[in-house]
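Residue strings, one per chain:
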Amino acid sequence: MFISVEISYYPLENNYNQPVSEFIEGLNQMADINTEVGSMSTVVTGEYRKVMDALDALMSQSFENYSSVFNLKISNTCPV
């Protein structure tokens with residue numbers, strides 16, 4: 001199943017650019033998912049399990065390293 005996830009990431013850090021850059025760099029290194037970075041959110045598309053596994057790994061890492069808030073919108077009604 002193909003999904004689309006719109007992510008807004010809000011690190012609760014004075015230097016918020018560092019955690020955001022690390023998160024996006026991690027997404028860009030993941031195989032078999034597509035990442036489109038916008039000014040207020042990032043859209044990740046791909047097969048459900050691959051996208052969710054990537055998000056699980058990267059969000060967990062972000063939570064371990066930074067105080068963080070993630071806002072996610074997940075949809076399976078996107079074109080293949």
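The coordinates are above.
Owing to the predicted nature of the structure, the values given are computational and were not obtained by experimental measurement.

Rules and cut-offs
Residues numbered from 1 in each chain as written. Predicted model: local features only at pLDDT ≥ 70, side-chain atom pairs only at ≥ 80, totals over all residues. Heavy atoms only, no water. 1 Å grid on protein atoms, 1.4 Å probe; cavity = no way out; pocket = protein on both sides within 12 Å on 5 of 7 lines; lining within 4 Å. Points joined across faces, edges and corners; volume = space filled by probe spheres on them. Helix = DSSP H or I, 4+ residues; strand = E, 2+ residues; numbered from the N terminus. Nonpolar A, V, L, I, M, F, W, Y, C, P; charged D, E, K, R; others polar. Core = buried A, V, L, I, M, F, W, Y, C linked by side-chain atoms within 4.5 Å. Buried < 20%, exposed > 50% of the residue type's maximum accessible area, 1.4 Å probe, protein only. Contact = heavy atoms within 4.5 Å. Expected span 1.5 Å × (residues − 1). Arc of directions from axis to C-beta. Pairing = 2+ DSSP bridges. Axes fitted to C-alpha atoms, helices over the stretch in contact; angles between N-to-C directions.

J.: Break down the layout of surface pockets for me, citing the residues and quoting the values.
T.: A volume near 280 Å³ is recorded for the largest pocket. Where the lining of the largest pocket is concerned, the elements lending two or more residues are β1 (2-11) and α1 (17-29). The class makeup of the residues in the lining of the largest pocket is nine nonpolar, seven polar and no charged.

J.: If you had to explain the nonpolar core to someone new, which residues and values would you point to?
T.: Core analysis: the biggest nonpolar cluster contains 15 residues, and Ile7, Phe23, Leu27, Val51 and Leu55 have the highest contact counts within it. Counting residues per element, the ones that place at least two in this core are β1, α1 and α2 (48-65). By residue number, the principal contributor to this core is α2, which donates five residues. Non-local contacts of valine 51, meaning those with residues more than four positions away in its chain, are made with Ile3, Val5, Ile33, Val44, Thr45 and Gly46.

J.: Tell me about α2, residues and numbers included.
T.: Across its 18 residues, α2 extends 26 Å between first and last C-alpha, which sits within 8% of the 26 Å expected from 1.5 Å per residue. When α2 is considered as a whole, its buried residues turn out to be Val51, Ala54, Leu55, Leu58, Met59 and Ser62. Angular distribution of buried residues about the axis of α2 spans 115 degrees; they occupy a single face of the element. Turned more than 90 degrees away from the buried face of α2, the exposed residues are Asp56 and Glu64. Contact partners of the buried residues in α2: β1, α1, β2 (33-37), β3 (42-47) and β4 (68-75).

J.: Describe the environment of asparagine 71, with residues and values.
T.: Position of asparagine 71 among the secondary structure elements: in strand β4. Distance in space between the C-alpha atoms of asparagine 71 and asparagine 15 is 19 Å, their sequence separation being 56 residues.

J.: Please set out the sheet that holds β2 residue by residue, giving values where relevant.
T.: Across a sheet, paired strands are connected by hydrogen bonds in the backbone, their directions being either parallel or antiparallel. Here we have four strands laid out as an open sheet, ordered β2-β3-β1-β4, and antiparallel in their pairing. In this open sheet, the two strands that pair with only one neighbour each are β2 and β4. Across the sheet, the mean angle separating the axes of adjacent strands is 20 degrees when strand polarity is ignored. Pairing analysis gives five bridges linking β2 to β3, with the strands arranged antiparallel. Paired with asparagine 34 across the two strands is threonine 45, which belongs to β3.

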